[in-house]
Structures are given as structure tokens and as C-alpha cells.
Amino acid sequence: MVAIGVPAEDKDEPRIGLTPETVKKLVKAGASVTLRSGAGLRSHFPDAEYAAAGAKIAASDADAVADADIVLTVRRPSAELASKMKKGAALIGMLDPFSDAEGLDALAKSGVALFAMELMPRISRAQSMDVLSSQSNLAGYKAVVDAAAAFERALPMMMTAAGTVPAARVFVMGVGVAGLQAIATARRLGAIVSATDVRPAVKEQVASLGAKFIAVEDEEFKQAETSGGYAKEMSDAYKQKQAALVAEHVKNQDIVITTALIPGRPAPKLISKAMIESMRPGSIIVDLAVERGGNAELAKPGETVNHNGVRIMGKLNLPGSVPVNASSLYARNLQAFVEPLIDKEKKTLAINFDDELVKGTLIGRDGRIVNAMIAERLGGKVSAAAPAKAAANGDGKKSGGAKRQTKGAKS
Ligand code: NAD
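Residues numbered from 1 in each chain as written. Predicted model: local features only at pLDDT ≥ 70, side-chain atom pairs only at ≥ 80, totals over all residues. Heavy atoms only, no water.

1. Some thoughts on the overall build of the protein
In plain terms, the rule: Here a helix means four or more residues in a row that DSSP labels H or I, a strand means two or more in a row labelled E, and each is numbered from the N terminus. Throughout, a residue-residue contact means that at least one pair of heavy atoms, one from each residue, lies within 4.5 Å. Note on areas: Shrake-Rupley with a 1.4 Å probe; residue coverage comes only from the protein chains shown. When charges are counted, Lys and Arg contribute as positive and Asp and Glu as negative, whereas His and the chain ends are disregarded. A charged residue contributes its charge at one atom only: NZ of Lys, CZ of Arg, CG of Asp or CD of Glu.
Of regular secondary structure, the protein possesses 15 helices and 19 strands. The dimensions of the protein, computed from C-alpha atoms along their principal axes, are 70 × 50 × 35 Å. Contacts spanning at least 24 positions in sequence make up 64% of the contacts within the protein whose residues lie at least 6 apart. Only carbon and sulfur atoms are counted for the fraction: they give 53% of the accessible area of the protein, which is about 17,600 Å². Positive and negative side-chain charges of the protein, numbering 53 and 45 respectively, have mean locations separated by a distance of 3 Å.

As C-alpha cells, then:
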């Protein structure tokens, strides 16, 4: 029997990587599951529901992980907790692979195999395991809902006997998974929505959601998408043209949601202080890229900055503010990844280290980091050849040679 353990997350993380629904499925697949008591409570999953689904409840984190072959987490756990795990066991979670390389090294030294779900190759087979998509989708939704709640006007147009309430104008910058859902959500709330991106493929998606596409569509724009489907860093000349276009547009917007990211690089600066000063007091900017340096000049992680009456919201962990859905989707992502690691007949852990998804996500094994990018940050070389290639494919973020499929916002 393969033993799966789930410790509690720390106080800043309301999500959990296991739900009663996925306990049932994992038990059916041949696993036993042990969960730290109360670990699902902030996502409103009580111990009794886990127990009814077949999980054992442990009194401490150490008890939850001590006998586990696989430990499931949301965030990177402490090296101390990893030291309580069996050597060779698998630790699977959003391990934040490209920050604090020393911390990851300490985790690897405990001898557990480290799998970073953020590095899942974006190929068809792995769509159900794509944690970036499942979580970004909710972040895009919540950004609009938060902005609407803070905005002191209505979003839809209302025609009343006392006069007409005009529709609010919402501008979405960066139309990946989060941006598409932000557009869809703002449209449902009745706003007039526009959006921008540097990837031409986005133009049609924006139109299909009923929003207006705004972009500098020059020759560089036509080449802005990498073969992996991500944005490239644009030239200074393009950035200037883009800034001039955005400056004209932004001053007439009520709410701006920014989600623009470039894999392996700081978030592009798209909203300058001057642009913020051109907006009407009462306007709102939600900067979803704030954890990667921010798209808006005055954005601060975890804070709302009020500049001349324009609020710039830099909330952290937006998926964590919809924890019930975020946990449910994340737990399904994990279950989809874990099930193939179990030999259904022998009911033993059987990780195929040649599998593309395993290679893509594996960052530490046998006491050392095996991912080339992380090892480079540590100033060292990677000795294990196969697993190292995956994350260092030039995109800087994902691996997998197969072409990605574009996935729109779910409405
Ligand atoms: P992301 O989080 O890397 O970036 C968000 C958006 O910001 C992207 O659309 C990007 O083009 C845009 N951006 C970057 N620089 C910009 C700039 N200067 N100005 C304006 N916008 C800028 O993106 P993501 O959400 O991870 O999505 C990337 C791609 O992957 C999309 O094509 C998406 O549909 C696709 N995708 C595929 C799968 C799959 O097949 N499994 C899953 C999810 C996403």
C-alpha cells in the first residue's frame, strides 16, 4: 500500500492539497492517506469528511508525514519537516522552484525526491495537472471581484427613472489564463471591457469574450509569441509605442487589471506613475503580477497604495482567497499527477523517472538538486543528466516539446 501524507500549511496559506473527494479517488487507486488534523479547515473541509472518505487523521505534521511514500503540500514546507520524511519519499507541491535556491537545496539534502508542480510541461496529457492554470483562472476572477467590491460605483449600465448609471470601463493587461478569466468576469458584471497583450493569438480570444483588443500591431508584435506559447521580452522601441498607446487608453479607464508576465524575467512595467496620475480619483488598479515585481509602478506586495485617490491593489495569493475552489482544483491536479505514480496491481510506489512529466517536475533527488536552472543559481553543476533538462528549455518556466493547446477562461 502506498502511503500518502498531508501536513498542515502555514498560517498564510488557506489552501490544502487534498480534499475528501481526492481522498476517495486515491484510496481507490491503492493508497492509504493520512492528514494532519484540521489541515483542511480553512478550505472548509472538516476532519470528519476526510475520515468518512477513508483518511486517517494524525495529531501532528510529523505524524502525518513520517510513514508517507508521498507527501502532498501547497507551499514549500520547511527542511525540518522534510527531515521527518522517509528518505526516497516524494514531496509534491508548488515548491516555488525559482526563488530561494539555498532553501531548496536544504530541502533536497533531506533525501526526499522534490517535485515542483509549477514546472509541469504544458502538453495535452498534463492539462489536468496544470496548477498554474487552475490557480490563475481563480486569481483572474477574484481580481475583478475585489476591484468591483472596492470600486465605489456600479459596474453595469443601469437605466432608471432618476437617470442612467454609466457602465464602468475595465482594462485587462496581459491575456493569459488569468487575463481571460478577468475579461469574462468583468463582462458578466456588465462592464465595458478592453484588453491588451503582445501575443497576436490573443486578439481573437479577446473578441470572442466581447471585449475590445488594444495593441501596437507591428512586425515585432507578429513575432512576440515563443514556440512554447509565452510572451517574449519586447524591444525598447516597442515598449515606447506600447506605453504611448496605453497612456492614451488608461486615462479613460475605471478599473485596470494587470496580469502580464514573461517567463524567467521580472514582470514588464506597463503602468507608469504618470499614467496613474492621469486616471480619475476613485479608479482602481489590481496588479496580479505584484509577486514578480509588478506591472504598475507604485504597486506594493500585500498592500493597497492610494495615490491621489487612485488605489493600486497588490494583494498576495489571490487563489488563496477563494480557498474552497482553489483547493478542490489543486487537489485534483495533484491526484491526476499522483495516480500514475502508483502501481495499481502491486499497490507500490512506481515512479517512472523517464516519464516526461516526472522529468519536467523533478527538481531534487538522492540528496541533491537535479534541475539545471536551480543548480546554476546555486553555482553548481547538475550531475543527473535526464531530469535536469526539463525546466531549462529557454522558456525558463515550463518544459515539454509538444505544442501547447490554448485554453480559454471557463465561463
Ligand atoms: P503568463 O502568466 O506567462 O503571462 C500572462 C500574459 O501576459 C500572457 O498572455 C503574455 O503574453 C502577457 N504579456 C507578457 N508581456 C506583456 C506585455 N509587455 N504587454 C502585455 N501583455 C504581456 O501566461 P499564461 O497564463 O501562463 O499563458 C501563456 C500561454 O499558455 C497562453 O497562450 C495560454 O493560453 C497557454 N496555456 C496553455 C495551457 C495548456 O495547454 N495546458 C495551459 C495554460 C495556458
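2. A look at helix α1 (residues 20–28)
So the rule is basically this: Only protein chains enter the accessibility calculation, which uses a 1.4 Å probe. A residue is then buried if its area is under 20% of the maximum for its type, exposed if over 50%, and partly exposed in between. Directions pointing from the helix axis toward each C-beta atom define the arc.
Residues P20, T22, V23 and L26 constitute the buried set of α1. Along α1, the residues classed as buried sweep out an arc of 155° about the axis, all on the same side. Turned more than 90 degrees away from the buried face of α1 sit K24 and K28, all of them exposed. For α1, the secondary structure elements touched by its buried residues are β1 (2–6), β2 (31–36), α2 (47–53) and α12 (323–338). Looking at the residues trailing α1, positive phi occurs at G30, about 110°.

3. Focus: the sheet that holds strand β15 (residues 310–313)
Picture the strands of a sheet paired through backbone hydrogen bonds; they go either parallel or antiparallel. The criterion, for reference: By this definition, two strands are paired if DSSP reports at least two bridges between them.
Spatially, β11-β10-β9-β12-β13-β15-β14 is the arrangement adopted by the seven strands of the open sheet, whose pairing is mixed. What marks the edges here is a single partner per strand, and that holds for β11 (212–213) and β14 (304–307).

4. Considering the packing of aromatic side chains
Ring pairs (aromatic) are described by centroid distance and by the angle formed between their planes. Convention followed: Side-chain rings of Phe, Tyr and Trp (the six-membered ring for Trp) are treated as a pair once their centres are within 6.5 Å; stacked means planes under 30 degrees apart, edge-to-face means over 60, and tilted covers the remaining angles. Throughout this description, the term charge over a ring refers to an Arg CZ or Lys NZ atom that lies within 6 Å of the ring centre and within 35 degrees of the ring normal.
Evaluated as defined, the whole model comprises three aromatic pairs. Between the aromatic rings of F213 and F221, the centroid separation amounts to 6.3 Å while the plane-to-plane angle is 45°, which identifies the pairing as tilted. Each member of the pair, F213 as well as F221, carries the same accessibility label: buried. A cation over a ring is seen here: R365 above F353, with NZ or CZ 3.4 Å from the ring centre.

5. Considering the sheet that holds strand β6 (residues 113–116)
Condition: Under this scheme, a helix contributes an axis fitted over its contacting stretch, all axes are lines through C-alpha atoms, and angles between N-to-C directions fall in the 0 to 180 degree range.
Judged by pairing direction, the sheet is mixed, and its eight strands sit side by side in the order β3-β2-β1-β4-β5-β6-β18-β19 without closing on themselves. Of all the strands in the sheet, just β3 (56–58) and β19 (368–369) have a single pairing partner and so form its edges. Two elements, β6 and strand β18 (residues 362–365), share two bridges in a ladder whose sense is antiparallel. Paired with L114 across the bridge in β18 is G364. Most of the contacts of α12 go to strand β5 (residues 90–93), to which it runs at about 145°, and overall it touches β1, β4 (70–72), β5 and β6.

6. Side note on the pattern of salt bridges
For clarity, the threshold we go by: What counts as a salt bridge is simple: a side-chain nitrogen of Lys or Arg found within 4 Å of a carboxyl oxygen of Asp or Glu.
Evaluated as defined, the whole model comprises 26 salt bridges. For the salt bridge of K11 with D12, the shortest nitrogen-to-oxygen distance reads 3.6 Å. Both residues of the pair, K11 and D12, count as exposed. In this structure, the salt-bridge partner of D105 is K109, at a minimum N-O distance of 2.9 Å. Of the two residues, D105 and K109 are both situated in helix α5 (residues 101–109); the distance of four residues between them amounts to about one turn of the helix. Salt bridges sharing partners connect three or more residues here, namely E233, D236, K239 and R265.

7. A look at the side chain of T19
Here T19 is to be found in the loop between β1 and α1. Not counting the four nearest positions on each side in its chain, T19 is found in contact with F45, Y50, S327, S328 and A331.

8. What to know about the pairing of strand β10 (residues 192–196)
Rules: Whether a crossover is right-handed depends on one test, that the path from the first strand over the helix to the second runs clockwise when the strands point away from the viewer.
Most of β10 is tucked away, with four of its five residues classed as buried. Inspection of the sheet shows strand β9 (residues 169–173) paired to β10 by five bridges, in the parallel sense. Bridge pairing in β10 places R169 opposite I192. Crossover handedness for the path β9 to helix α7 (residues 177–188) to β10: right-handed. Handedness of the β10-helix α8 (residues 202–208)-β11 crossover: right-handed.

9. Concerning α7
Defined as follows: A helix is expected to reach a length of 1.5 Å times the quantity of its residues less one.
In this model α7 runs 17 Å from its N-terminal to its C-terminal C-alpha over 12 residues, within 8% of the 16 Å that 1.5 Å per residue would give. With nine of 12 residues buried, α7 lies mostly within the body of the structure. The complete set of buried residues in α7 reads A178, G179, L180, Q181, A182, I183, A184, T185 and A186. Where the residues of α7 are buried, they touch α6 (131–150), β9, β10, α8 and β12 (255–258).

10. Some remarks on the nonpolar core
Condition: The criterion is simple. A nonpolar core is a set of buried Ala, Val, Leu, Ile, Met, Phe, Trp, Tyr and Cys residues joined through side-chain atoms within 4.5 Å.
Judged by nonpolar contacts, the single largest core of 41 residues is most densely connected at L18, L72, I92, F115, M117 and F337. Tallying contributions element by element places α12 first for this core, with five residues. Counting residues in hydrophobic clusters, the runner-up holds 35 residues, among them V172, V216, A231 and I255.

11. Some details on the side chain of S328
Basically, it comes down to this: Think of a polar contact as two N or O atoms within 3.5 Å of one another; within protein, one of them needs to be a possible hydrogen donor and the other a possible acceptor, and neighboring residues in sequence only count if both atoms come from side chains.
By secondary structure assignment, the location of S328 is in helix α12. A polar side-chain atom of S328 sits 2.8 Å from the main-chain carbonyl oxygen of V324. Residues contacting S328, with those up to four places away along its chain left out, are T19, F45 and P323.

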